[in-house]
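Geometric and topological summary
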Amino acid sequence: MSQGLISSSHWGPLRATVSDGRLSVASHELDPDPSPIARNLIAANGHRSRVLFPMVRRGWLDGGPGPDAARGEDEFVRVSWSTLYSVLGDELRRVIDAYGNSAVFGGSYGWGSAGRFHHPQSQVHRFLNQLGGYTRSVNTYSTGASSVILPHVLGADVDAVHGLTSWDVIDRHTTMIVAFGGLPVKNLQVAPGGITQHRSAERLRRIVADGTKVVAISPVRDDCPPGPGVEWLAISPGTDVALMLALAWVLVDENLHDVEFLRTRCAGYDEFEQYVTGRSDGVPKRPEWAETVTGVPAERIVILAREMAAHRTLVTVTWSLQRARHGEQPPWAGIALAAMLGQIGLPGGGFGHGYGSMGDVGVPQRGLRLPTLPQGINPVTSVIPVARVADMLLDPGGRYEYDGTVAAYPDIRLVYWCGGNPFHHHQDLSRLRRAMARPDTVVVHETHWTATAKHADVVVPAATFLERSDIGASRNDSAIVAMRRILPPPGEARTDYQTFAELADVLGVRAAYTENRTEAEWLRHLYETWTATQTADLPDFDAFWGAGHLLLPSVEPEQVMLAAFARDPTGAPLSTPTGRIELTSEVVRSFGYDDCPAHPVYFALEQNAAYPLTLVTTQPARRLHSQLDMGAHSQDGKVDGREPLTMHPGDAARRGIADGSVVLISSAQGRCLASARLTDAITSGCVQLATGAWYDPMDPADPHSPCAHGNPNALTRDEGTSRLAQACTGQLVGVQVEAWRGPVPPITAYEPPSFTDIHRQETRP
Ligand SMILES: Nc1nc2c(c(=O)[nH]1)N[C@H]1C(S)=C(S)[C@@H](COP(=O)(O)OP(=O)(O)OC[C@H]3O[C@@H](n4cnc5c(=O)[nH]c(N)nc54)[C@H](O)[C@@H]3O)O[C@H]1N2
Ligand SMILES: Nc1nc2c(c(=O)[nH]1)N[C@H]1C(S)=C(S)[C@@H](COP(=O)(O)OP(=O)(O)OC[C@H]3O[C@@H](n4cnc5c(=O)[nH]c(N)nc54)[C@H](O)[C@@H]3O)O[C@H]1N2
Ligand SMILES: [Mo]
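Residues numbered from 1 in each chain as written. Chains lettered and ligands numbered in written order. Predicted model: local features only at pLDDT ≥ 70, side-chain atom pairs only at ≥ 80, totals over all residues. Heavy atoms only, no water.

**Comments concerning the UniProt feature "domain: Molybdopterin oxidoreductase N-terminal" (unreviewed entry) in the chain**
- What UniProt calls "domain: Molybdopterin oxidoreductase N-terminal" (unreviewed entry) maps, in this numbering, to residues 7-43.
- Annotated as residues 7-43, this span is 11% helix and 46% strand, and its ends, taken at the C-alpha atoms, are 17 Å apart. (UniProt positions renumbered as here; feature names shortened; annotations may be inferred. Helix = DSSP H or I, 4+ residues; strand = E, 2+ residues; numbered from the N terminus.)

**Remarks on the pairing of strand β12 (residues 313-317)**
- For β12, a buried count of five out of five residues is recorded, marking the element as mostly surrounded by other parts of the structure.
- Two elements, strand β8 (residues 176-180) and β12, share five bridges in a ladder whose sense is parallel. The residue of β12 that forms the bridge with F180 is V317.
- In the sheet, β12 pairs with strand β13 (residues 350-353) via four bridges, with the strands oriented parallel. Bridged to V315 within β13 is F351.
- Following the chain from β12 across helix α14 (residues 329-341) to the adjacent parallel β13, one finds a crossover that is right-handed. (Buried < 20%, exposed > 50% of the residue type's maximum accessible area, 1.4 Å probe, protein only. Pairing = 2+ DSSP bridges. Right-handed = clockwise from strand over helix to strand, strands pointing away.)

**Some thoughts on the sheet that holds strand β1 (residues 5-9)**
- In space, the three strands of this open sheet follow the order β1-β2-β3, with antiparallel pairing throughout. Lying at the two open borders of the sheet, with one neighbouring strand each, are β1 and β3 (22-27). In this sheet, neighbouring strand axes are inclined to one another by 40° on average, regardless of whether the strands run parallel or antiparallel.
- Where strand β2 (residues 12-19) lies against β3, six bridges are found, and the strand directions are antiparallel. Residue pairing for β3: T17 is matched across the bridge by S24. (Axes fitted to C-alpha atoms, helices over the stretch in contact; angles between N-to-C directions.)

**Some remarks on unusual backbone geometry**
- One non-glycine residue, H625, lies in positive phi territory at about 50°.
- Of note, H625 is situated in the loop between β24 (613-616) and α25 (632-636).

**Remarks on the environment of D496**
- Tracing the chain through its elements places D496 in helix α19 (residues 496-506).
- Since its relative accessible area comes to 5%, D496 is described here as buried.
- Residues D496 and T464, spaced 32 residues apart in sequence, show a C-alpha to C-alpha distance of 9.5 Å.
- Excluding residues within four positions of it along the chain, D496 makes contact with P120, C418, H445, A462 and R468. (Contact = heavy atoms within 4.5 Å.)

**Side note on the site of ligand 2**
- Ligand 2 sits among 35 residues. The nearest are K186, D223, G238, D240 and S357.
- Within the side chain of N187, a nitrogen or oxygen atom sits 2.9 Å from an oxygen atom of ligand 2.
- Contacts to ligand 2 include H625, whose backbone N or O atom sits 2.8 Å from an oxygen atom.
- The protein chains hide 99% of the 920 Å² of surface that ligand 2 would expose on its own.
- Class assignment of the residues belonging to the shell around ligand 2 gives a composition of 17 nonpolar, 13 polar and five charged.
- When residues of the shell around ligand 2 are assigned to domains, at least three fall in each of domain 1 (148-366 + 558-591) and domain 2 (613-739). (Near = heavy atom within 4 Å. Polar contact = N/O pair within 3.5 Å; in protein donor to acceptor, adjacent residues only side chain to side chain. Areas by Shrake-Rupley, 256 points an atom, 1.4 Å probe, with all protein chains shown as cover. Nonpolar A, V, L, I, M, F, W, Y, C, P; charged D, E, K, R; others polar. Domains from an automatic or database assignment.)

**A few points about α14**
- Compared with the 18 Å implied by 1.5 Å per residue over 13 residues, the 18 Å span of α14 between its first and last C-alpha is a close match.
- By the criterion of burial, α14 is predominantly enclosed, with 13 of the 13 residues buried.
- Following α14 by one or two positions, G342 adopts a phi angle in the positive range, close to 70°. (Expected span 1.5 Å × (residues − 1).)

**Looking at the environment of L314**
- Mapped onto the elements, L314 comes out in strand β12.
- Taking relative accessible area as the criterion, L314 reaches 1% and is therefore assigned buried.
- Spatially, the C-alpha atom of L314 lies 29 Å from that of L689, the residues being 375 residues apart in sequence.
- Excluding its chain neighbours within four sequence positions, the residues that come into contact with L314 are I170, T174, M176, I177, V178, G348, G349, G350, F351, G352 and Y355.

**Some thoughts on the nonpolar core**
- If you look at the biggest cluster of nonpolar residues, it comprises 171 residues, and the most contacted ones within it are L154, F180, I581, L645 and I665.
- Tallying contributions element by element places helix α9 (residues 240-253) first for this core, with 12 residues.
- Of the domains in this structure, domain 1 (148-366 + 558-591) and domain 2 (613-739) are the two that each give at least three residues to this core.
- Each residue touching I665, except ones within four places of it in the same chain, is listed here: L645, G670, R671, C672, A674, L689, L715, V735, Q736 and V737.
- Grouped together as the second largest cluster of nonpolar side chains are 51 residues, V56, Y85, V95 and L538 included. (Core = buried A, V, L, I, M, F, W, Y, C linked by side-chain atoms within 4.5 Å.)

**A word on the domain arrangement of the chain**
- By the assigned domains, the chain splits into domain 1 (148-366 + 558-591) and domain 2 (613-739).
- If you average the C-alpha positions of domain 1 and of domain 2, the two centres end up 28 Å apart.
- The interface of domain 1 with domain 2 comprises 26 residues on the first partner and 24 residues on the second.
- Carbon and sulfur atoms make up 61% of the surface buried where domain 1 meets domain 2, a total of about 2,000 Å² over both sides. (Buried area = accessible area lost by both parts, 1.4 Å probe.)

**Focus on the site of ligand 1**
- In the region of ligand 1, 34 residues are neighbours, and S113, H425, E446, R468 and S626 sit closest.
- Note that an oxygen atom of ligand 1 is positioned 2.9 Å from one of the backbone N or O atoms of N421.
- Here a nitrogen atom of ligand 1 and a side-chain polar atom of Q427 are 3.3 Å apart.
- Expressed as a share of its isolated accessible area of 920 Å², the protein-covered part of ligand 1 is 98%.
- Of all the secondary-structure elements, those providing two or more residues to the shell around ligand 1 are α16 (422-425) and β18 (441-446).
- Looking at the shell around ligand 1 residue by residue, the class counts come to seven nonpolar, 23 polar and four charged.

The structure is reproduced here in structure tokens:
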């Protein structure tokens, strides 16, 4: 029997013990394949980068609220909790009274930590709703383009589409997987809210080991586990749609497409075919054309198309492909290709989205409502697509288009972030610094001194998930976990709930916010209101809490996406205007967007001769985003403390770059350092740098100084996918790489800012 108190994280459940103040973390016996990301927890606990006390930025405290370019370089002043509640309460009141609730941006995008009650976004939204609401954001950085295009094409929400064919069905029925973006196992460690029993990686490895033909189309070889049937098809990043169109061209040319499926289940195929054959635009999408664009040999494209038609084929597209300019196109073109094969709705065939992107994709969907903290009602109608945050702050009143609408950016005076790290997730960080200089006040609740916390005026020290009790649950997970408080919060850190309750008190809405419940009472309440909605006979709260987890009834594992529709398209129509799969969308056409026309189209990446390499900014294998980057597992992946840039030896030799040396990466937006890692497992012309190294501008006073640590968002471009989705395009950016000849700067990202302690009248460090 394992020892230790149970908790749960986005990368899985764990058991933790504390002896002599030292934390140790072990896996949970329920989990057959625990993630080593948990190792990062040890160093993060008690790390110098923890926010220990309420802090207010010097310039804001002395000069009052207002735009200030000193955010990010100023020092802080330690204040008491009562001072913090009073100055922050006054400021919220001032902004809301003077400018209205839409002047408060409370989108607060980010993953926070596992736990349904302390879910930071739910807490901040519930709090701001008690005050009359806030400007919110819609969609995600994850699937921002898909979430807008897929409803037009399939009449379904992206969450209802991704991975709906389960791994079990793929294992049993699929004979060929054509994986655009590959099937990277590294990404299967996590799911929002946690994975109690990691099984996806093992299922994928088994499918691959069994000899299933897998064509992993990616600039990176390691994007698929090795197996006898695995072929790496190296492709130039951003060109997948060209390959899809050429495969479609061969299907038409050799009459291998399923005319009946296209006629009865799809709308607008003819127009798409005219584009494929070049009758509409004069460019036949022949394999020879695609070879010059993608780097994939034309003969291979011809044979691949024949193989796809001959097999039970799953066409899958990772989410990464839609996190780029014109990101609407790869999932749409992937659906068109799968539709031409006519296997949508057949077990193991058709289209998939996000296999290899997230641990819960391909896990049978439970459609489970989770225990959820009610957020209340937000009467404010002002809203932005999530990745347009810097545009909003820099251009109040500016007009933008989105999914057929035109709207104006609100005039934001106060930015409130709780549970996210925009200096991790957003693009073009020096532009974000300029944007964050614009509002009167920036408030950040953080556990650690991230770059976002350093750019705030009011920094609220937050307890981590190990420092509070909660209920861990995730949408398709097999269990619900009783998360126990393992440690007391260090210094004066408090849970976000405690902070909001006290702030609500200052603002006269405490009872509405807390409903007079303590944390323990809320957990019981959320559990009981949740069990009341479930049909299964579930244990009461005390039994659940005592047991440590609750295994949920198993679900039908043989799920197949769009099976009912494919069997009977008129009896079970899709929720599109035609009831069919829209390969041409009249609704999208009616928007008149040249950057997202009526059917899938190939757009070439913008080229800039000064930045001839394409940087791919993938999810980090050794951490979750920026979280716990100071931990041992994350640090073990760095070279001399810097994030590695994967590069082809030929590209390196031409630039005089040696393996392990420090390089300077430049883009039209900015610069950062990294350590070169040379390997022929990457396509020439492409370099790769994972996200999540904490942003570390060499000179915080100069917004254009390079990041010393290797944060790719110092380089990326802050531009929407298209006028349709306006989604994040952070995955790809044109760069140049050169050997770094200057003195190698230290990594200072984890150092807390200097602050004055008015209690002790001293300055640190
Ligand atoms: N270039 C590029 N950029 C990308 C991507 C990419 O592919 N390329 N991917 C994008 C994607 S898909 C995503 S989802 C985003 C991820 O972006 P984020 O979700 O913003 O990244 P995290 O590092 O998870 O940030 C969560 C923050 O919450 C804090 N936190 C954790 N628990 C708590 C808590 O209980 N309370 C409070 N107050 N804070 C807490 C953590 O310390 C951390 O700083 O990044 C996006 N950015
Ligand atoms: N370990 C770990 N796992 C994670 C996360 C994490 O932070 N850490 N984050 C999670 C989150 S929030 C999300 S949204 C998902 C994201 O899931 P994805 O967006 O799918 O993940 P990425 O790792 O960014 O990209 C997957 C692969 O796509 C390939 N790729 C990139 N561009 C192209 C291209 O143009 N063409 C082709 N063919 N391939 C390309 C890259 O080589 C990369 O390895 O990951 C989740 N999983
Ligand atoms: Mo994501």
